[in-house]
Protein chains: 2
Amino acid sequence: MTVVQRQTGQASPAEGQGGVRAVTRALDLLIELSSWDRPVGLTELARRVDLHPTTALRLLESLRTRRFVHQTADRSYVLGSQTFEVGSAFLRNVSIWSQANQLADQLAASTGETASVGVLDGGQILYIAIARGQHDVGIASAAGTRHPAYCTSLGKAIMAELPAESVAQILRDDPPVRLTPKTLVDMDSLFRELGLVRKRGYAVDNEERTPGVLCVGAAIRDHQGKPVGALSISGPATRMREKGIAELGRSVATSAQAFSA
Amino acid sequence: MTVVQRQTGQASPAEGQGGVRAVTRALDLLIELSSWDRPVGLTELARRVDLHPTTALRLLESLRTRRFVHQTADRSYVLGSQTFEVGSAFLRNVSIWSQANQLADQLAASTGETASVGVLDGGQILYIAIARGQHDVGIASAAGTRHPAYCTSLGKAIMAELPAESVAQILRDDPPVRLTPKTLVDMDSLFRELGLVRKRGYAVDNEERTPGVLCVGAAIRDHQGKPVGALSISGPATRMREKGIAELGRSVATSAQAFSA
DNA sequence: AATGAAGTTCCGTACAACGCAATAGCTGTG
DNA sequence: CACAGCTATTGCGTTGTACGGAACTTCATT
C-alpha cells in the first residue's frame, strides 16, 4: 500500500501539532536513520518516514551541513558525528554519568553478570552504562536504548522511591502492556510489587520483559535521598536463581547504597 | 548591538545554502544548547543563534515533541534524551567502539596516565573513549569532543598511515593554526613529522596543542591495515618526559598493535 | 504599585518549503 | 545493446506555512 503524499495532507491532528513541520520531519528522518546499522539510500529513508524523496533530500541537506548525517561515497546516508557530540553533552548533564561506567564495571566484575545503570526519563528507563559480565549471553540492552519502567528492575527500583502520584502519572503516560506471561499489567499488582521492593531494598524483574531473563536492581539516591537512577544485574533466569536472588539483591542494593553516599 | 531579524534577511550566502532554513536553524539551536551545562531560557538561547524568540519557540517545540530537548519546570531548556539515543546509535556504527573503552581502561591502568581513543572525522579527531589515569590532572578532552588532527598525537598517528593526498586534503580543509609556540603549522614540517611517526611507530604531541601537555599516540588498524582510529596517553609534559617518551611510545604502539589484530 | 524582562498567543503577509515533473545516472535483464 | 526499472537530483510554479511584529500575560525586581 502506497500512501500518496499531499502537500495539504498533514491530517493527523495529534502528531505534528505545535512545532514547525519541516523540523519535525527532519528529526523523524534522523531518528529513523539511527535505527539502521548500515547506510540507507534517500528513497528508502524517505519511504520509511512517508516523505517525498525531494523533500527528504532537502531536509537531509540541512542535517548534513550541520554534520548530523553523513553521506557515504555511494550517496547513502549514515548518522554524522554531531549526533554523538550532542549526545555526549546530554550525558555530561546527567548527574550520575561520570561514575556510572565505573559502578557498572565493578558490579559486573564482582558478580560475573551483566550490570546496567539507567535513569528514569519520561516514564521509561534510559540505559546510560552497560558492563558485560564474564559469561555474557547478549541479553543486555545497549546504552542509549530505553525500556518501559514497569517491567524492568531498574524502573521498579526507582518507582518504589517515588510518591504514589508520580508513579500513577508514569503508568498513565505509558500504560503497561503484557510482554511476557509474567508481566505485571494491572495497577494493583504493580503497587503491591513496589511496596515489596521498598521492604526488601531491591527490585526483581522475574522474566517480566523477556522470557528467560531475570534482573535484580536497586535505586541510586542523591544526597537528599531522591532517586536519580538505578543499578541492576541481569542474566539467564536459571543461573540467577542458582546464585540466589536474595543474595544478588543484597549485593546490588549494597553497591547502589555505597554509591549514593 | 542588536541585529534586527528580517524574514528576507538570510544574507550570508555561504551559510545556509541548499537545505531547509527552519531545519538548519533548529539544529543550530540544538548545537548551541549542547554547549550549556545548565538550563537556558528561550530568549537567551534565541539571542545566541540570532533568532526571534517567537521563531525559536516554534523550532524548540518541534525539538521537544521529538524529545531532542526537554523543558524544565521553570520553562528553561536542556538537551533531551533523544540526543543521547541517537548519539549512541552513531557510536554503535563506529567499528572500534565496542572495545574502545576497554582498551583505554587497560592503557590507563598500565601507565597511570589518561588514555584516549579517537577516530578521524572530517579532518578532526573525535574522542570516543577516555579513561582517566591515577594522577589525573584534568587535562584530557571529554568523549564527544573534537580537536584538529594536526596538533594531536591521535591525529598525527592516523595521518601517518594515510596516503599523502588524503593528508593534504585534511590539512587544506582545516588549515593549521598556531595554538602554542610549538605547534607545527607549515606543510613541510608536518609531512616531515609524519615520516618520523611512520619510522618510530608512534606519534608525539609535544605541547603542540596545549602548553605543558604531552601526548603519545599510535594508530589502530583494521584487518586490511587501514587506520580506523588511534590510541593515546596524555599527561603533564614534565612527568611524561621523566617516564621516557620512547618507552611510553612503545607501550602505546604495542597496545594499538595488539588491538588491531 | 510600577517597571522591566521573559514567555506566549494571535495574526496577516511574503516567501520558502513543498510536490510534481522531467532529467540524469545506474543496474540488471531480456 | 537497447530497454526497463530504480534511484538521485534539478527546476519550477503554487500555496500553504513559517515568519516577525505586536499585544498580552506572567513573574521578578525596584
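Residues numbered from 1 in each chain as written. Chains lettered and ligands numbered in written order. Predicted model: local features only at pLDDT ≥ 70, side-chain atom pairs only at ≥ 80, totals over all residues. Heavy atoms only, no water.

Trainee: I tried to follow the sheet that holds strand E4 (residues 124-131) of chain B on my own but got confused; where do I start?
Mentor: Where strands meet in a sheet, backbone hydrogen bonds hold them as pairs that are either parallel or antiparallel. All names here are of chain B. Strand order in this open sheet of six strands is E5-E4-E3-E8-E7-E6, and the pairing throughout is antiparallel. Unpaired on one side and paired on the other, strand E5 (146-148) and strand E6 (203-206) mark the two borders of the sheet. On average, adjacent strands in this sheet sit at an angle of 30 degrees to one another, irrespective of strand direction. For E6 and strand E7 (residues 213-221), the ladder comprises four bridges, and the chain directions are antiparallel. Of the residues in E7, the one forming a bridge with aspartate 205 is cysteine 215. Each of E6, E7 and strand E8 (227-236) touches helix H10 (residues 245-260); the most contacted strand, E7, lies at about 25 degrees to it. (Pairing = 2+ DSSP bridges. Helix = DSSP H or I, 4+ residues; strand = E, 2+ residues; numbered from the N terminus. Axes fitted to C-alpha atoms, helices over the stretch in contact; angles between N-to-C directions. Contact = heavy atoms within 4.5 Å.)

Trainee: I'm lost on the protein's contact with DNA strand C in this one. Help?
Mentor: Of all residues adjacent to DNA strand C, which total 21 residues, the nearest are Arg21(A), Thr55(A), Arg21(B), Leu42(B) and Thr43(B). The protein-proximal atoms of DNA strand C, defined as those within 4 Å of the protein, are 76% sugar or phosphate. One of the side-chain nitrogen or oxygen atoms of Thr43(B) is found 2.3 Å away from a phosphate oxygen of DNA strand C. Residues that form the surface near DNA strand C fall into these classes: five nonpolar, 11 polar and five charged. (Near = heavy atom within 4 Å. Polar contact = N/O pair within 3.5 Å; in protein donor to acceptor, adjacent residues only side chain to side chain. Nonpolar A, V, L, I, M, F, W, Y, C, P; charged D, E, K, R; others polar.)

Trainee: Can you help me understand the interface of chain A and chain B in this one?
Mentor: You'll often see interface size given as the accessible area lost when the parts meet. Listed per partner, the contact involves 50 residues of chain A and 49 residues of chain B. Contact between chain A and chain B buries roughly 4000 Å² in total, counting both sides, with carbon and sulfur atoms accounting for 65%. When residues of chain A are sorted by the area they lose upon contact with chain B, Leu27(A), Arg66(A) and Phe84(A) head the list and together hold 17% of the total. Viewed at the interface, chain B and chain A are joined by four salt bridges. Of the charged contacts, one joins Arg66(B) and Asp28(A) as a salt bridge, the two residues approaching to 2.5 Å between their closest N and O atoms. Our enumeration of links across chain A and chain B arrives at 14 residue pairs in polar contact (both at pLDDT 80 or more). Listing elements by their share of the side of chain A that touches chain B, those giving two or more residues are helix H1 (21-34), helix H3 (53-65), helix H4 (81-92) and strand E4 (124-131) of chain A. (Buried area = accessible area lost by both parts, 1.4 Å probe. Salt bridge = Lys/Arg side-chain N within 4 Å of Asp/Glu carboxyl O.)

Trainee: What's the story with the pattern of salt bridges in this structure? I'm lost.
Mentor: Side chains bearing opposite charge may pair, as long as their charged atoms lie close to each other. All names here are of chain A. Using the criterion set out here, one finds 30 salt bridges over all chains in the structure. A salt bridge links aspartate 121 to arginine 146; its shortest N-O distance comes to 2.7 Å. Here arginine 146 lies in strand E5 (residues 146-148) and aspartate 121 lies in strand E3 (residues 114-121), a separation of 25 residues in the sequence. An identical accessibility class is assigned to aspartate 121 and arginine 146; each is buried. Salt-bridge contacts for arginine 241 lead to glutamate 207; the nearest nitrogen and oxygen are separated by 2.9 Å. (Buried < 20%, exposed > 50% of the residue type's maximum accessible area, 1.4 Å probe, protein only.)

Trainee: Help me understand the protein's contact with DNA strand D in this model?
Mentor: In the vicinity of DNA strand D lie 21 residues, with Leu42(A), Thr43(A), Arg21(B), Thr55(B) and Arg58(B) positioned nearest. At the protein interface, 76% of the atoms of DNA strand D within 4 Å belong to sugar or phosphate. Within the side chain of Arg25(B), a nitrogen or oxygen atom sits 3.4 Å from a phosphate oxygen of DNA strand D. In terms of residue class, the surface near DNA strand D is built from six nonpolar, nine polar and six charged.

Trainee: Whenever I open this one, the packing of helix H1 (residues 21-34) of chain B against helix H3 (residues 53-65) of chain B confuses me. Can you help?
Mentor: Relative orientation and spacing of two packed helices are given, respectively, by the angle between their axes and the distance between those axes. Residue and element names in this part refer to chain B. Interaxial distance between H1 and H3 falls to 10 Å at its minimum, and their mutual angle equals 80 degrees. Judged by the angle between their axes, H1 and H3 are roughly perpendicular. The residues of H3 that touch H1, namely those facing Ala22, Arg25, Ala26, Leu29 and Leu30, are Thr55, Ala56, Leu59, Leu60 and Leu63. For the contact of H1 with H3, the residue count by class is eight nonpolar, one polar and one charged. (Parallel < 35°, antiparallel > 145°, perpendicular 65-115°, else oblique.)

Trainee: Is there a simple way to think about the pairing of strand E3 (residues 114-121) of chain B in this case?
Mentor: Looking down a regular strand, the side chains alternate between one sheet face and the other. All names here are of chain B. Among the eight residues in E3, seven count as buried, and that is most of the element. By the bridge criterion, five bridges tie E3 to E8 in an arrangement that is antiparallel. Pairing of alanine 115 across the sheet is with isoleucine 233, part of E8. Relative to E4, E3 is paired through seven bridges, and the arrangement is antiparallel. Across the sheet, serine 116 pairs through a bridge with isoleucine 130, a residue of E4. Counting the residues between successive antiparallel strands, the hairpin from E3 to E4 contains two residues, one of them, glycine 122, with a positive phi of roughly 60 degrees.

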